[in-house]
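Breakdown of the fold
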Amino acid sequence: MRTVLLASVRVHTRRYVAAVVAVVVGVGFIVATGGLAAAARAGLLDDLRAEYTGVDVVVQGAYREREVDRVRSAVHDLGGTAVVNAEWRGPVALDGRVLSDEADAGTVALDPELRWQQLAAGTYPTGPGQALVDAHAAEQFGVRIGDRLRVGRGPDAVQVRVTGSTETSSGPLGSPLYLTYPDLRRAGEVVVVDNVAIDCDDCAGTPVDALREVLPERYLVQPATAYLQMMQTEATQGVDVISLVLLVFAAIAFFVSALVIANTFSILLAQRARDFALLRCVGATRRQVLRSVRTEALVVGVGSASLGVAAGVGLGHGLAAVAGLVWPGLPLGAVSFPLAWVGGGWLTGLLVTVGAGLLPARRATRVSPLAALRPADVGGVRTRTGWVRLAGGAVLLLIGGALLVLAMSSHQLAVMLAGGMVSYLGVLAWGPLLFPALVRLVGQVVRRLGVPGALATGNALRNPRRTAATAGSLLVGVTLVSGLLVGVATARGTVTTAMNEEYPVDAALTAPVTPGSNASLSAGTVREVRATDGVAQAQALPGTTLALRLPAAGKGVGAGTGAGTGAGPMLSGRQPVLGVEPATLRRLVHGRPDFVRPRADTLFLPWEVMAGYGLDIGAEVVLGRGPDARTLTVAGAEGFGNTGLVARDTLRALTAGAGVSTRAVWVRAAAGADAADLRGALSTVAAGAGAELSGGLENRAFVDLQLDVLTGATLALLAIGVVIALIGIGNTLGLSVLERGREHALLRALGLTRRQLRVTLAAESALLAVVAGLLGVALGTGYAWIGVRTMMVDVIEDTQLVLPGGQLLAVVGAAAVAGLLACILPARKAARVTPAQGLTAE
Amino acid sequence: MTSHTSQPSHTSQSSHHNPKPPAARARALTKTYGTGPTAVDALAGVDLDVAAGRFTAIMGPSGSGKSTLMHCLAGLDTPSSGSVTVAGVELSSLGDTGLTRFRRDHIGFVFQSFNLLPMLTARQNIALPAELAGRRTDSDWFGTVVDVLGIGDRLEHRPSELSGGQQQRVAVARGLVARPTILFADEPTGNLDSHSSAEVLGFLRRSVRDLGQTVVMVTHDADAAAYADHTVVIEDGRVATERQVA
């Protein structure tokens, strides 16, 4: 049998190409992921270690300034030096231009032993008032050495001079900006102390014990090595989680691979049924034939899994190199390939290949010896869908459906995933009935192509099981892609609704309210806002500051309720109020908030302001003084600063025109405007005019970006499975072409032109792909609906399923195009056969 | 029907009572496979006229070149040298697409096996050539042919549901329905039992006698050749003998 085995592997190697490619892609993905994960881990750990090079002891648990000082003095007593590793977050401005509202800053030690930052240019700070910037952040924000930065808000802000730039560190202490600890404390805002790192080379005795002795027990005093060990475990866990997520996509790719491989084996072995029968005739037992076929699968598996490992190693190195060039700040260390990943990938590839070959091998070798003696079974092998298969499929569908229903009522993700997979397998089991039915339907359209169309439909229908397996492999990817698209569109819709409520205005410049003053925005400021890049629409709003009180008591609200929250203007009961008009704001705000068209007797107050007064929705308040005062009902809104809103007519009535001036400018950003840039530009204008800037532009952009990145990354990862499926379609078609050589020759003899033959194959391929596309979009939408019911309805009520029609149509279109691409090679091969060749070749 | 072993001669052409020009004419036809020392001459200079409206049998042992000759006459294969004229068209002047169109319009085929497309019904198989050519099938003629061949009740069956003889009759019907200039039959009875063979050969002869069809049959079976009006024997790529059946 060995001669037979070797000969058949040799002869059929080329026909296994698709199976091999499918395995290589899957194994390569796993190995490359392992390599990149190892590189990321190495990079993180390198940076982490670098940050604690000169450190001997780390103390955690001191958070407040007093606590930190206590640790420092203890260290000082021992004769060591300490640096406080802390994080700060707040606004950073350069020349009055706000670089970021939420910039991060870390600390830099003055002691060279404890100072871990690697200088890229300039010098290290020698004292307070000096700072280091990360080289990449400096480039991004246009900060140069020597620049003066304003760190912090208002009177607390600290002025620092940039003395140098540093290499990027991806360790936990890495930051875009480094200040000395005293400056960081002085800059106000939120300071989170991570730990106190201590250099104790010259300390007497064992510093760890000594410090444990002096400091309260709740402080965690560790040697730096122990601390690093702890941090390494944490960092590694983060990388591991990401690699596990990537393994999910590897699993999807392997599932598709298994379908493609099983199909390849089915077709190949069916084509060789006569060979097997002949072997049986000359004395091989069924077991011998079966073993030979299984060994063949093993050889293919070993070969392709090994190729996959090689490809993965190459890919890992290549990707790391490319990533290093494109994103120089990426924390990638040396690429290495852990044995577990390589071995696991190799073994998975092997098992999937051998496993996928088992069933086809059993089926194919069941052939009787007599089959060899019968005249060639010509083409039209119709497989009948077994009742067992259908019954099994029905059971799977029932179980899966039940699980999905359960998931929707119990909102459990795991149950939903299990139900999804089980029901999906049920759908695949019914494929041989489902796909031909769809092919017949879509075939009605294809038939318009004339004879090639009719032939293509006939070809796609002649072997339902093969059609089902081929289209089924593509179905996996299309279902997941459309499910993802529907899910993201729905999430986007829901998020947009929420965002519209929370951030109806992209940006609002509001004149500050100081007691006694009635500051307003000048026409120049309004013009400046209008002229800012990225502003689509800017609307000046008239307003004033009015007295606010409860109807019964004659006093101001704040004083009456004694609410201790808030300060200054709120407690005074003097409330800035803007007059709004629906006509000017309808296209400026997002969504359709009520506050755009207030009723004459309604006062919209920001929730925070309302809480500050101790008011609730529906409360009655008196706004204004004297004869113009009016009783209004309070309603809540937010996203436009701390002003109240009333209808413009109400404002006019309240003030009789006196004291009303431009108190705010509301801005709608142009589509596609860079949120951070616009925010920076507007904050510069606001700072110049002494106005406060609020609005949800950046949050909106951030959420959009996150959804986009999520969608893009997931699509890219799902693409692996889709590509494998396309190779499968091309392969099935290629193998069918081999089978149908005589048929094609006959057609050519009867008058089918080469072009028509190619069109026939193209139509068949596109037909399969479109059918998979349509079914996949339908299934994906269904699963997405279930997913939304399971995961989101709980969180946000009235979640509406959003169908991204254009995108879903594009999915079907892309499937068709991909199908056409997949048929190029087989079609060319088929058209090359001359009629005479095809008819005489036996 | 005349053959020319060496020089073209037109004397014997009028020997038969057939005033029509030949349906196909081959002159100095050669076909060589391979090159250099391994080259094989499948055809080594064949001159042949196929008389219109007659039943011609091309005989010869395996490897004699009879199938190659048929392929060249039918425009399925291109000769290495020499010319083939069918229905007044010089085939060597046609490209692949031209040849395909030509086959659609002028040539019908019946093969030994694998004659029908498995995914089409008998009726669809029969109508296929006309559909490929974008022509409407003449329904009267369709009816006549189907009646003559006795397959009227099998038209909606697929090939796998037909016996070998029935399949071959469907193939003959497909060849006849398009009314080709020449119907080529390549070992049409090779896979059939003697009863079905006799039936199919009888149909071929009837199509010549009753329907005026020109038929060329390639066979190595002398019994099958006995149904023909003319027999041409090919040996070693040349016309060895010709024989007319009265």
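What counts and how
Residues numbered from 1 in each chain as written. Chains lettered and ligands numbered in written order. Predicted model: local features only at pLDDT ≥ 70, side-chain atom pairs only at ≥ 80, totals over all residues. Helix = DSSP H or I, 4+ residues; strand = E, 2+ residues; numbered from the N terminus. Buried ≥ 20, exposed ≤ 12 C-beta atoms within 10 Å, placed from the backbone. Contact = placed C-beta atoms within 7 Å. Pairing = 2+ DSSP bridges. Axes fitted to C-alpha atoms, helices over the stretch in contact; angles between N-to-C directions. Nonpolar A, V, L, I, M, F, W, Y, C, P; charged D, E, K, R; others polar. Left-handed = near helix turned anticlockwise from the far one by under 90°. pLDDT = per-residue confidence, 0-100. Parallel < 35°, antiparallel > 145°, perpendicular 65-115°, else oblique.

**Digging into the overall build of chain A**
When its secondary structure is counted, chain A shows 28 helices and 19 strands. Principal-axis analysis of the C-alpha atoms places the extent of chain A at approximately 110 × 80 × 45 Å. In chain A, buried positions account for 50% of the 842 residues. For chain A, the proportion of contacts with a sequence separation of at least 24, taken over those separated by at least 6, is 84%.

**Brief notes about the overall build of chain B**
Along its length, chain B carries 7 helices and 11 strands. Along the first, second and third principal axes, the C-alpha set of chain B runs to 50 × 40 × 35 Å. Taking all contacts inside chain B whose residues are at least 6 apart in sequence as the whole, residues at least 24 apart take part in 72%.

**Here we look at the sheet that holds strand β10 (residues 230-235) of chain B**
Residues and elements named next belong to chain B. Read from one edge to the other, the open sheet built from 6 strands follows the order β7-β8-β9-β4-β10-β11, with strand pairing classed as mixed. Unpaired on one side and paired on the other, β7 (107-110) and β11 (238-244) mark the two borders of the sheet. Sheet twist, expressed as the mean angle between neighbouring strand axes with direction ignored, is 20°. Summarising the sheet, strand β4 (residues 55-59) and strand β9 (residues 215-219) pair through 5 bridges and their orientation is parallel.

**Quick look at the pairing of strand β2 (residues 81-94) of chain A**
Residues and elements named next belong to chain A. The buried fraction of β2 is high, at 10 of 14 residues. One ladder, built from 9 bridges, connects β2 with strand β9 (residues 190-199); its direction is antiparallel. Within β9, the residue paired with Arg89 across the bridge is Val190. Sheet topology places β2 next to strand β3 (residues 97-107); 6 bridges connect them, and they run antiparallel. Residue Leu94 lies in a different strand from β3, and its bridge partner there is Arg97. In textbook terms, the turn of a hairpin is the stretch between consecutive antiparallel strands, and for β2 and β3 this stretch comprises 2 residues, one of which, Asp95, has a positive phi near 50°.

**Topic: the interface of chain A and chain B**
Between chain A and chain B, the contact holds 24 residues from the first and 26 residues from the second. Put simply, the parts of the chain that give the side of chain A that touches chain B at least two residues each are α14 (451-462), α24 (741-750) and α28 (835-840) of chain A. No other element matches the 6 residues that α24(A) contributes to the side of chain A that touches chain B. Split into classes, the residues belonging to the side of chain A that touches chain B amount to 11 nonpolar, 8 polar and 5 charged.

**What to know about the environment of Val239(B)**
Assignment of secondary structure puts Val239(B) in strand β11. Separated by 196 residues in the primary sequence, Val239(B) and Leu43(B) have C-alpha atoms spaced 9.4 Å apart.

**Overview of unusual backbone geometry**
Despite not being glycine, His411(A) shows a phi value in the positive range, around 55°. Its location among the elements puts His411(A) in the loop between α11 (387-410) and α12 (413-429). The partly exposed category is assigned to His411(A), around which 15 C-beta atoms lie within 10 Å. Backbone geometry places Ala28(B), a non-glycine residue, at a positive phi of 50°. With respect to the secondary-structure elements, Ala28(B) resides in strand β2 (residues 24-33). According to the C-beta neighbour criterion, Ala28(B) is partly exposed, with 14 such atoms within 10 Å.

**Some points on helix α1 (residues 66-73) of chain B**
All names here are of chain B. In terms of residue burial, α1 counts as a mostly covered element, since 8 of its 8 residues are buried. Along α1, the residues that are buried comprise Lys66, Ser67, Thr68, Leu69, Met70, His71, Cys72 and Leu73. Looking one or two residues past α1, Gly75 carries a phi angle of roughly 75°, positive in sign.

**Digging into the pairing of strand β11 (residues 507-510) of chain A**
Residue and element names in this part refer to chain A. Going residue by residue along β11, you find Ala507 and Leu509 tucked away on one face and Ala508 and Thr510 tucked away on the opposite face as well. As defined by bridge partners, β11 adjoins strand β18 (residues 661-669) across 4 bridges and the pair is classed as antiparallel. Bridge pairing in β18 links Ala508 to Trp666.

**Quick word on the packing of helix α7 (residues 224-271) of chain A against helix α10 (residues 339-364) of chain A**
All names here are of chain A. Where α7 contacts α10, the two axes come as close as 8 Å, and the packing angle between them is 35°. Between α7 and α10 lies a crossing of right-handed hand. Contacts between α7 and α10 pair Phe254, Ser257, Ala258, Ile261, Ala262, Phe265, Ser266, Leu269 and Ala270 from the former with Thr348, Val352, Thr353, Gly355, Ala356, Gly357, Leu359, Pro360, Ala361 and Ala364 from the latter. Its residues placed into classes, the contact of α7 with α10 shows 13 nonpolar, 6 polar and no charged.

**What about the confidence of the model for chain A?**
Residue and element names in this part refer to chain A. On average, residues of chain A score 83 in pLDDT, and 92% of them reach the 70 mark or higher. Here helix α18 (residues 569-572) stands out as the element of chain A with the lowest mean pLDDT, 42, in contrast to strand β5 (residues 130-134), whose mean of 93 is the highest. Confidence drops under pLDDT 50 across residues 375-383; counting only partners more than four residues distant or on other chains, this segment forms 21 contacts. For residues 558-571, every residue scores under 50 in pLDDT, and the model assigns this stretch 27 contacts once sequence neighbours within four places are set aside.

**Describing the packing of helix α25 (residues 754-791) of chain A against helix α26 (residues 805-822) of chain A**
Residue and element names in this part refer to chain A. Packing of α25 against α26 brings their axes to within 7 Å, and their N-to-C directions diverge by 150°. Taken together, the axes of α25 and α26 lie roughly antiparallel to each other. Classified by chirality, the crossing of α26 by α25 is right-handed. Here Ala762, Ser765, Ala766, Leu768, Ala769, Val770, Ala772, Gly773, Leu774 and Val777 of α25 lie close against α26, whose contacting residues are Leu808, Val811, Val812, Ala815, Ala816, Ala818, Gly819, Leu820 and Ala822. Tallied by class, residues from the contact of α25 with α26 come to 16 nonpolar, 3 polar and no charged.

**Let's talk about the confidence of the model for chain B**
All names here are of chain B. Per-residue pLDDT for chain B averages 83, and the proportion of residues at 70 or more is 91%. Summarising per-element confidence for chain B, the mean pLDDT is lowest in strand β1 (residues 2-4) (45) and highest in β4 (93). Reported confidences for the modelled complex are a pTM of 0.72 and an ipTM of 0.75.

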